[in-house]
Amino acid sequence: MELGPIWRSLSKNKAGFLLIALQIAVTMAIMINAVAIMQERARDMGRPSGLDEPNIFALSSTAFVPGMNMRALIDEDLELIRRTPGVIDAIATNSFPLRQGGSSRGFQTEPGTGKDDVGAAVYFTDEHAIETFGLMLVEGSNFAPNEVTWTEEGSDAWAGTVIVSRAFAEALFPDEEGSYVGKTMYVDQAKPVQITGVVETLQAPWKGWDGVERAMLVPQRRDFNFQRYVVRTEPGMRDVVMPQVEEALAQSNRNRIIQSMRTMDEVRYMAYLGDSAMIKMLAFIVTLLLVITGLGIVGLASFNVSRRTRQIGIRRALGATKTQVVRYFQVENFLVSALGIGVGAVLAVALNMLMVNAFSMAPMAWYIVPIAMVVLWSVGQAAVIGPARRASRISPAIATRSG
Amino acid sequence: MLKMTKVSKIYRTDTVETHALREFSLEVQEGEFVSVTGPSGSGKTTFLNIAGLLEELTSGTYELDGRDISALSDRERSKVRNEKIGFIFQSFNLIPELNIFDNVDVPLRYRGFAAPDRRKRIENSLEMVGLASRMEHYPAQLSGGQQQRVAIARALAGEPRFLLADEPTGNLDTEMATNVLDLLDEINGNGTTIIMVTHELTLADRAKRNIFVRDGRVSDGPPEFRLAAAGGQG
C-alpha cells in the first residue's frame, strides 16, 4: 500500500483534491440530514392511526333545506348504511384521524383557572365508534347507548364520560401506574369528565401536531346540517359498498348533497402528500448530489490521468502492473474521500444539531453516518475505476519518449 | 544473457506500416557494457523498448536470462521489468511530486520488499551516487546531473541484472555527463550488464562493445563509427 507517498503526493497538489474533498464533505452533510428528514417523514407516514384503514371510507351529507329534522335524518342515514350488505358499522362524527381538520380541547387534572392542561382531539360520536373505527379497547368499556346525547349547534354542553387514547391518558396522568378508567379530568376548567375506556391507538386529525397521538371519543351527537359519516366494511367489500351507500343516501333524501366520498387510503395519501413529495424531492437531491460528486471525482481522476500520463508510464516501466496502477488511483481516491467524509461527518452532525434546535426535528439516527460514509466511499471508488483503468492501459513505452 | 533473434517491430495505422526493427539480432553477455548508436529514426529506441519489455515485438524471439520473453503476460512482463531491469532515461523521469527517497522507493514497493529492507536499499543506492544527504529534497530542487544520479540510484536499488540507459547524458552538460558515465563505468565494473542507447559516437566510445543500428538493422556503421568501435573493443 502506497499510503505515505500518495498522501505526500496529494499534499503537493492540494487545490483540486481539496475542492473534491470539500464537495464530498458538503454532499455528506446534506445527504445525512436529508436522509434524517426522509426517515422522520417516513416514520410519521408509517404511524398507525388506530383505524382499520383499508376497510373504511367517509362521506359527507349537507342538507340545504331549512328546518329539516336532522336528528331523524341522521338516524335514518345510519340505519340505511348499516343495513347495506358488507357494512360492519357506521357513525356520524365531526372528524376522524388524518382528516387534517377537527376539534380539540384542553383537559386538566384539577378544576380551576391557570392550571396546566393537556390538549386532545375530540371526536363527537356514539357507541358505534369503536366498532366503526376498528379501535382496540384495552381498558374499560364502550359507551352504553343511553350515555350518548344530542347537542345543538352553539351548545357548550359536555359529556360526562369519554374514551381516550392511551397516549392521552399517559400524558395527562404521567405518574399513574394502574388503571386510567375512573379517573376524572376537567374540561373548560370546571366541567368534570370521567374516563370510562382506553383505546390502544387513536390519532388526532392533524398529522403534523406534536400531540397527534392524543385523542378521545365523546358520546355526543350533533344535529348540524352538515354531517360526516364514517363507514367500515367487511374486508374486501369497501369498493363495492361505497357506490351503493352513495346511491342509497342520495335516493333516500334529495334535500341534501352527498359529497367528499373518500377511502381512508385516499385520506392518508392526501394527508401525507407533502411528506411523500418531500421524501421524493430529497431522494432526488441526494441522488443528484451523489451523481454530481461522482462526476466530480471522474473529472478530477480523468484530469489526473491526463496530467500524469507520463508519470503512469514511468511507473509501468519501473514495474507497476496494471492492477497496481488501478490501485494507486483507488487509494488516492480513498484518501481524498476520507478527508471529505471526515469533515462531512462533523458538518453533518453540526447541521443536524442546528436543525434539531431550530425546527424541533428528531436527532438523526447514529447509523446514518457510517452508512453515508460507506455510500460515499463506494461512489468514489466506482467513479474512479473508469479513469484508473484507462490509466492502467497507458503504455510503459511512453517513458522513453522525450518530454 | 540477452539474445534477440530476427526481431521485427512494425507499427501499424490504418494506412501506414512502419518497420522500426527488421530482423534485428543481437546477443549480449553478462557483465558487458554495450552501446547502441545510430541516426534518428534508426530504431534505437524501439530496440530499447523491446529490450526493456516496454513494447512487444512483432516477430522473432527474445530471450532474457534464457527465458523466452515474447510469450509473457503483461503482469509477468511487469515483474521481469521490475526485478531484472534497471532503467535510466534521458529526461531522468523522476516523479516531481515525490521526494528523492520516495522516487527511489517506487520500484521497490512494486517489488514487495519490506519497509526496513527498502529503506536500507534506498540509503545504500543514494549513498553510492553521492546523494544520501538529499533524501528529503524534491527533483526540482536538484541539478540535472543530480537528478540523473537519483534515477541511477532508483535503477540500482533493486539490484537488477542489467541496466538499460536511454541517452543518459542527453540532457546534461559535459561535466555532469562525464560524472554520470564514470558512474556507469563503476556500476559495470561491479558486474552489472549495461546497454546504453545514444546517438553520440563519443559516448559510445565509453562502452566495451558498440553496435550501430540503421534502418532497424544492426549495421557496420560509418567509418568514424568503425574507428570508435574498434577503439572501444580494443
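Every value quoted in this text rests on a predicted model; they were computed, and no experiment measured them. (Residues numbered from 1 in each chain as written. Chains lettered and ligands numbered in written order. Predicted model: local features only at pLDDT ≥ 70, side-chain atom pairs only at ≥ 80, totals over all residues. Heavy atoms only, no water.)

Asks: Tell me about the pattern of salt bridges, and name the residues and values.
Replies: Scanning all chains against the criterion turns up 36 salt bridges over all chains. Salt-bridge contacts for B:Glu97 lead to A:Arg308; the nearest nitrogen and oxygen are separated by 3.9 Å. Within this pair, whereas B:Glu97 is found in the loop between strand S6 (85-88) and helix H3 (100-111), its partner A:Arg308 is found in the loop between helix H8 (273-307) and helix H9 (309-317), the two belonging to separate chains. Per residue, the accessibility class of B:Glu97 equals that of A:Arg308, and both read buried. Ionic pairing is found between B:Arg121 and B:Glu159, a salt bridge with its closest N-O pair at 3.6 Å. Here B:Arg121 is found in helix H4 (residues 115-128), whereas its partner B:Glu159 is found in the loop between helix H5 (144-157) and strand S7 (162-166), with 38 residues between them in sequence. (Salt bridge = Lys/Arg side-chain N within 4 Å of Asp/Glu carboxyl O. Helix = DSSP H or I, 4+ residues; strand = E, 2+ residues; numbered from the N terminus. Buried < 20%, exposed > 50% of the residue type's maximum accessible area, 1.4 Å probe, protein only.)

Asks: How would you sum up unusual backbone geometry? Please name residues and give values.
Replies: Residue and element names in this part refer to chain A. For Asp188, which is not glycine, the phi torsion reads 50 degrees and is therefore positive. Secondary-structure assignment places Asp188 in the loop between strand S8 (184-187) and strand S9 (191-199). We classify Asp188 as partly exposed; its relative accessible area is 35%. Positive phi values are uncommon outside glycine, yet Ser260 reaches one of about 50 degrees. Looking at where Ser260 falls in the secondary structure, it is placed in strand S13 (residues 256-263).

Asks: Tell me about the interface of chain A and chain B, residues and numbers included.
Replies: In this complex, chain A contributes 28 residues to the contact, which on the side of chain B involves 26 residues. Between chain A and chain B, roughly 2,500 Å² of surface is buried when both sides are summed, and carbon and sulfur atoms account for 53% of that area. The largest per-residue losses of area from chain A upon contact with chain B belong to A:Arg315, A:Leu318 and A:Thr400, which jointly make up 25% of the total buried on that side. If you look at where chain A meets chain B, you find four salt bridges. Taken together, the connections running from chain A to chain B amount to 15 residue pairs in polar contact (both at pLDDT 80 or more). Among the secondary structure elements, those contributing two or more residues to the side of chain A that touches chain B are helix H1 (3-12), H9 and helix H10 (322-359) of chain A. For the side of chain A that touches chain B, the element with the most residues is H9(A), which contributes six residues. Across the side of chain A that touches chain B, the residue classes break down as nine nonpolar, 10 polar and nine charged. (Contact = heavy atoms within 4.5 Å. Buried area = accessible area lost by both parts, 1.4 Å probe. Polar contact = N/O pair within 3.5 Å; in protein donor to acceptor, adjacent residues only side chain to side chain. Nonpolar A, V, L, I, M, F, W, Y, C, P; charged D, E, K, R; others polar.)

Asks: Break down the confidence of the model for chain B for me, with residues and values.
Replies: All names here are of chain B. Residues of chain B with pLDDT of at least 70 account for 94%, and the chain-wide mean is 89. When pLDDT is averaged over each helix and strand of chain B, the minimum, 56, is found for helix H8 (residues 223-233) and the maximum, 95, for H3. Scoring the predicted complex yields pTM 0.77 and, for the interface, ipTM 0.91. (pLDDT = per-residue confidence, 0-100.)

Asks: Please set out the domain arrangement of chain A residue by residue, giving values where relevant.
Replies: On domain assignment, one finds that chain A holds domain 1 (4-46 + 273-402) and domain 2 (65-254). Spacing between the C-alpha centres of domain 1 of chain A and domain 2 of chain A amounts to 54 Å. (Domains from an automatic or database assignment.)

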